[in-house]
Amino acid sequence: MSDTTPGSAASPVVLDVWCELQCPDCHSALDDIRALRARYGDRLDIRLRHFPLEKHKHAFAAAQAAEEAFEQGQGWPYVEAVLGRTERLAERGESVLVETAAELALDTEEFETALIDGRHMLIVDADQAEGKAIGVSGTPTYVIGDERLDGGRSQEGLRARIEEIADRLLAA
């Protein structure tokens, strides 16, 4: 029988990051995500959850593009690259999404097709619906150990709080 308790080798602690790829605050949160990866490695499963905001015109397309990048095995590098281009995305639109894919040597034809056929829209819609159901109202928002931490207003102290919860869950 395998051990599936939270934080065991068979079951890492899950950190859901409700994010929007046109959000400057989510770009700022990348430093915390990198630090958490460095500290916990495989013991912390950091999962991107989509929460596109209506105020950002290209957020839904960016979320779909991110799903295509995950499908092609470069999800987090793509997410980080797009978040580094939030201003350019706002100014130039979806062409930035395909250009970013090309820079990472991803299949740009699949990106273009995915943005047209909406093959990843169900994932994005499901994430957004789940986020709304649990009270996510802005980005970034984190969920770890059934606790929701809102970084949309301020990210100050959030990494320390996530580490405190992760340490407790890993020790359990």
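Coordinates for the structure precede this section.
### Side note on the nonpolar core
Part 1 of the reasoning: Formed by 42 residues in total, the largest nonpolar core has its most connected members in Leu-15, Tyr-78, Leu-97 and Ile-144.
Part 2 of the reasoning: In contact with Tyr-78, other than residues within four places in its own chain, are Ala-65, Ala-66, Ala-69, Leu-97, Thr-100, Ala-101, Leu-104, Leu-106 and Phe-111.
Part 3 of the reasoning: Among the nonpolar cores identified, the runner-up in size contains 5 residues, and Phe-51, Leu-53, Val-136 and Val-143 belong to it.

### What about the pattern of salt bridges?
Part 1 of the reasoning: Summed over all chains, the structure comprises 19 salt bridges.
Part 2 of the reasoning: Here Arg-34 makes a salt bridge to Asp-31, at a shortest N to O gap of 3.1 Å. Here Arg-34 and its partner Asp-31 are both found in helix H1 (residues 24-40), 3 residues apart, which amounts to about one turn of the helix.
Part 3 of the reasoning: Among the residues examined, Arg-34 registers a relative accessible area of 37% and is labelled partly exposed.
Part 4 of the reasoning: Salt-bridge contacts for Arg-161 lead to Glu-164; the nearest nitrogen and oxygen are separated by 2.4 Å. Of this pair, Arg-161 and Glu-164 both sit in helix H8 (residues 158-171), separated by 3 residues, roughly a single helical turn.
Part 5 of the reasoning: The class of Arg-161 is partly exposed, set by a relative accessible area of 26%.
Part 6 of the reasoning: The class of Glu-164 is partly exposed, set by a relative accessible area of 47%.
Part 7 of the reasoning: Taken together, the shared-partner salt bridges in this structure form one network comprising Asp-16, Arg-47, Arg-49, Asp-127 and Glu-130.

### Quick notes on the sheet that holds strand S3 (residues 141-144)
Part 1 of the reasoning: A sheet is described by the order of its strands in space; here 4 strands give the open sequence S2-S1-S3-S4, paired in mixed fashion. Edge positions in the open sheet fall to strand S2 (44-50) and strand S4 (147-150), since each of these has one partner strand only. In this sheet, neighbouring strand axes are inclined to one another by 20° on average, regardless of whether the strands run parallel or antiparallel.
Part 2 of the reasoning: Of the pairings in the sheet, the one linking strand S1 (residues 13-19) to S2 comprises 7 bridges and is parallel in character. Across the sheet, Val-13 pairs through a bridge with Leu-44, a residue of S2.
Part 3 of the reasoning: H1 contacts S1, S2 and S3 of the sheet and is inclined by roughly 160° relative to S2.
Part 4 of the reasoning: Most of the contacts of H8 go to S4, to which it runs at about 165°, and overall it touches S1, S3 and S4.

Parameters and conventions
Residues numbered from 1 in each chain as written. Predicted model: local features only at pLDDT ≥ 70, side-chain atom pairs only at ≥ 80, totals over all residues. Heavy atoms only, no water. Core = buried A, V, L, I, M, F, W, Y, C linked by side-chain atoms within 4.5 Å. Buried < 20%, exposed > 50% of the residue type's maximum accessible area, 1.4 Å probe, protein only. Contact = heavy atoms within 4.5 Å. Salt bridge = Lys/Arg side-chain N within 4 Å of Asp/Glu carboxyl O. Helix = DSSP H or I, 4+ residues; strand = E, 2+ residues; numbered from the N terminus. Pairing = 2+ DSSP bridges. Axes fitted to C-alpha atoms, helices over the stretch in contact; angles between N-to-C directions.

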